[in-house]
Amino acid sequence: MERVALTPDLAMSRNSMFADADGGPGAALPSFDATTLRGAFGRFATGLTVVTAASEDGPVGITANSFSSVSLDPPLVLWSIARSSRRFDAFAGARFQAIHILGAGQIDLSRRFFRDGRDFAGLDTEPGLGGVPLIKGALALLECEIVSRMDCGDHLVLIGHVRAMETSDGEPLVFAAGRYGTLAAFAS
Ligand SMILES: Cc1cc2nc3c(=O)[nH]c(=O)nc-3n(C[C@H](O)[C@H](O)[C@H](O)COP(=O)(O)O)c2cc1C
């Protein structure tokens with residue numbers, strides 16, 4: 001396993017949180033590039049979601065694997081949107097958002113909202129809380145009210161309070177190391 005040291009910026013935030021003796025803030029350390037960092041993050045296998053919202057320009061969707069459950073009581077979840085995204089304003093400002101947890105058969109839906117946030121053509125939808133488009137067929141659907149937003153580097157973290165939900169049985173869609181898969185495929 002190859003070790004790559006923290007950049008000075010990350011080292012500074014680490015040192016400010018966990019004061020220790022191995023060098024003060026700003027200690028000169030070698031840096032690594034975004035590709036290396038992305039490669040490390042990508043080794044964490046996730047599920048996949050499509051998040052939808054209603055915006056001034058109509059329905060909007062995005063494929064996101066930054067989703068995480070946070071709290072059962074109250075029921076809170078989070079996901080994060082890249083500041084560089086053309087869909088940023090639509091999601092950053094949306095009070096209600098629907099998080100669709102994708103099943104193994106929904107790679108096409110993931111690809112659709114990876115490419116284009118406005119392409120709802122031919123999808124079976126109905127309006128949810130706040131007029132948010134709910135797409136039929138997800139493994140789980142969480143209708144959320146965004147109760148907190150947190151600036152985090154090049155992303156904005158959105159915390160959602162789950163106001164309504166639906167689940168169905170099935171196998172989840174899995175994403176790791178830049179590839180789609182299923183739990184069965186990863187286990188073999
Ligand atoms: C597997 C996967 C996971 C993604 N997760 C996120 C995410 O959590 N947050 C995000 O802002 N974009 C995420 N994206 C990127 C968006 O789906 C989309 O491709 C991007 O917003 C396109 O740029 P645009 O919004 O400027 O059109 C992900 C893409 C893929 C393929």
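Please refer to the structure higher up on the page.
The following paragraphs examine the structure supplied in this document. (Residues numbered from 1 in each chain as written. Predicted model: local features only at pLDDT ≥ 70, side-chain atom pairs only at ≥ 80, totals over all residues.)

Quick notes on the overall build of the protein
Consideration 1: Helix and strand counts for the protein come out as five helices and twelve strands.
Consideration 2: Counting the 188 residues in the protein, one finds 23% classified as buried.
Consideration 3: Considering only contacts in the protein between residues 6 or more positions apart, those separated by 24 or more positions represent 64%. (Helix = DSSP H or I, 4+ residues; strand = E, 2+ residues; numbered from the N terminus. Buried ≥ 20, exposed ≤ 12 C-beta atoms within 10 Å, placed from the backbone. Contact = placed C-beta atoms within 7 Å.)

Structural notes on the site of the ligand
Consideration 1: In the neighbourhood of the ligand, 16 residues make up the surrounding shell, with Ala64, Ser66, Ala82, Ser85 and Arg86 lying closest.
Consideration 2: Where the shell around the ligand is concerned, the elements lending two or more residues are strand E3 (58–64) and strand E5 (76–82).
Consideration 3: Its residues placed into classes, the shell around the ligand shows eight nonpolar, six polar and two charged. (Near = placed C-beta within 6 Å. Nonpolar A, V, L, I, M, F, W, Y, C, P; charged D, E, K, R; others polar.)

Quick notes on the pairing of strand E6 (residues 96–101)
Consideration 1: Pairing geometry for strand E2 (residues 49–55) and E6, over four bridges, is antiparallel. Residue Val50 lies in a different strand from E6, and its bridge partner there is His100.
Consideration 2: Here E6 runs beside strand E9 (residues 140–152); their pairing, made up of six bridges, is antiparallel. Paired with His100 across the two strands is Leu141, which belongs to E9. (Pairing = 2+ DSSP bridges.)

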